[in-house]
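Chain residues, written in single-letter form:
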Amino acid sequence: MNVPVNPQLLRKTERIAQILQAMKAVLPSHAILHANEDTTPYECDGLTAYRQRPLCVVLPETYEQIAAVLKACHALQVPVVARGAGTGLSGGAMPHEMGVTLSLAKFNKILKIDKYSRTAVVQCGVRNLAISEAAASYGLYYAPDPSSQIACTIGGNVAENSGGVHCLKYGLTLHNVMKVKGFTVDGEPVEFGSDALDTAGLDLLPLIVGSEGMLAITTEVTVKLTPKPQLARCIMASFDDLRKAGDAVAAVIAAGIIPAGLEMMDKPMTAAVEDFVHAGYDLNAEAILLCESDGTPEEVEEEIGRMSEVLKGAGATQISVSQNEAERLKFWSGRKNAFPASGRMSPDYMCMDSTIPRKRLADILLAIAEMEKKYQLRCANVFHAGDGNLHPLILFDANDPDQLHRCELFGADILETSVAMGGTVTGEHGVGVEKLNSMCVQFSAAENEQMFGIKRAFDPLGLLNPGKVIPTLNRCAEYGRELVRAGKVKHPDLPRF
């Protein structure tokens, strides 16, 4: 008996064969993965709730091979998704079903450290922490320090404009990068920024940093190195009330103090990390602040004293100051391990990322507490409090579709409440696929179209990381109708705040 052939399936099979043949023409066979068991490890990044196996994964070993892959994909109009260490938390590296995942893991060399200019030239696959380790002998380090710095790569940091616990004083990735080299979508070499403090022509470096792999493929980065401070000490302050803790953050900044780090954890998060690393946290506190000072011994002593007075005046119930480097690192160990500690409390968690004005910290925490009741899910909170960057971790079980759905609604509520309080839907984790709907709330159709215009200028065919970051007009219209059906708004016109 003749079985009818599905024309659509036949076309897909032919397309897959065509793409694999093109990859085999420019790469050795060991640099191409296409069997399901080989591509499954690449199906998601740190946001495990959303998964998609790629058509194939390529692991080039030279810049020439990267260019050849891009040229071949461009000729066939094949989507390309760049991937570093896969530690991202917004689905930015989630593969395309009919696309090529371009792994840059093999580009992991530190090419140059210049102690005189205080710069380092590194390939995109170099781990964040490895830069500081290599520069340590010169008395220098790389300041941005995401919690995943032991694993995340500088190329991914550039894509997401990553920060870290010391970003308040030393800035995000953008403030610590001088030049980015890479390739355009059609495989042509391109540079952004320069080795000097200024650059000829339009300054496009701020455009490429934080562009989430949508505009170009990053291969090399020139970063600024910072002199290691002579001394660093950390204050651990306990508060019996969330509003007091939030107000204390604003009070520190209002006093004219810019700490090296200013972080906040609520009671559930404190309990989770204390059980994990035994950092000596106050388990009775409703919130804990970690406030760090660095510089010369004289500067640190004076600033620690000033911060202690401000925190006492804001209602701190207990204040401890690190007496040596080991104790300082112990204080920070809990904050740095907040994410893995949360993994011990729940089968899954979704780490949100939004930013609000510092004066609204207490308001968002209290709002999240009400959302816990509404969505019947727990949430532990950790903040880059100094710059108002929230990282609520919603705990759920991905094996339960209803819990996943409630988790998505919970996360969207946090993001949109942040916008209502004068903030943004993302701070440093990017938009990826996670925040597409919430982008509809923050930005108008005209604003989204302007962003698409930039995308088209770099990538006219829309092949680099398609379907992410910028929501389409149709998507925003549908989300507006969803909000109307849910009773959140009366009309589907967005943004609503």
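Our subject is the structure that appears above.
All of the points below concern the structure found in this document. From a predicted model like this one, the values you see are computed outputs, not experimental measurements.

### A short note on the nonpolar core
And then number 1: Core analysis: the biggest nonpolar cluster contains 76 residues, and Ile-131, Val-223, Phe-239, Leu-289, Leu-311 and Phe-410 have the highest contact counts within it.
And then number 2: The biggest single contributor to this core is helix α13 (residues 361–375), with seven residues.
And then number 3: Setting aside chain neighbours within four positions, we find Leu-311 in contact with Ile-235, Ala-237, Phe-239, Ala-248, Val-252, Leu-289, Cys-291, Ala-316 and Ile-319.
And then number 4: Residues Ile-19, Ala-31, Leu-55 and Val-100 belong to the second largest nonpolar core, which totals 28 residues.

### A look at the environment of Asn-465
And then number 1: Tracing the backbone shows Asn-465 in the loop between α16 (445–458) and α17 (473–485).
And then number 2: Using a relative accessible area of 3% as the deciding quantity, one classes Asn-465 as buried.
And then number 3: Expressed as a C-alpha distance, the spacing of Asn-465 and Ala-216, which sit 249 residues apart in the sequence, is 9.8 Å.
And then number 4: Those residues in contact with Asn-465, other than ones at most four positions away along the chain, are Val-80, Val-81, Gly-92, Glu-212, Gly-213 and Met-214.

### Section: the packing of helix α8 (residues 242–254) against α13
And then number 1: Running from N to C, α8 and α13 point in directions that differ by 150°, and their axes come no closer than 7 Å. Put simply, α8 runs roughly antiparallel to α13. The residues of α13 that touch α8, namely those facing Leu-242, Arg-243, Gly-246 and Val-249, are Leu-361, Ala-362, Asp-363, Leu-365 and Leu-366.
And then number 2: Of the residues that constitute the contact of α8 with α13, the class distribution is six nonpolar, one polar and two charged.

About the criteria used
- Residues numbered from 1 in each chain as written.
- Predicted model: local features only at pLDDT ≥ 70, side-chain atom pairs only at ≥ 80, totals over all residues.
- Heavy atoms only, no water.
- Core = buried A, V, L, I, M, F, W, Y, C linked by side-chain atoms within 4.5 Å.
- Buried < 20%, exposed > 50% of the residue type's maximum accessible area, 1.4 Å probe, protein only.
- Helix = DSSP H or I, 4+ residues; strand = E, 2+ residues; numbered from the N terminus.
- Contact = heavy atoms within 4.5 Å.
- Axes fitted to C-alpha atoms, helices over the stretch in contact; angles between N-to-C directions.
- Parallel < 35°, antiparallel > 145°, perpendicular 65-115°, else oblique.
- Nonpolar A, V, L, I, M, F, W, Y, C, P; charged D, E, K, R; others polar.

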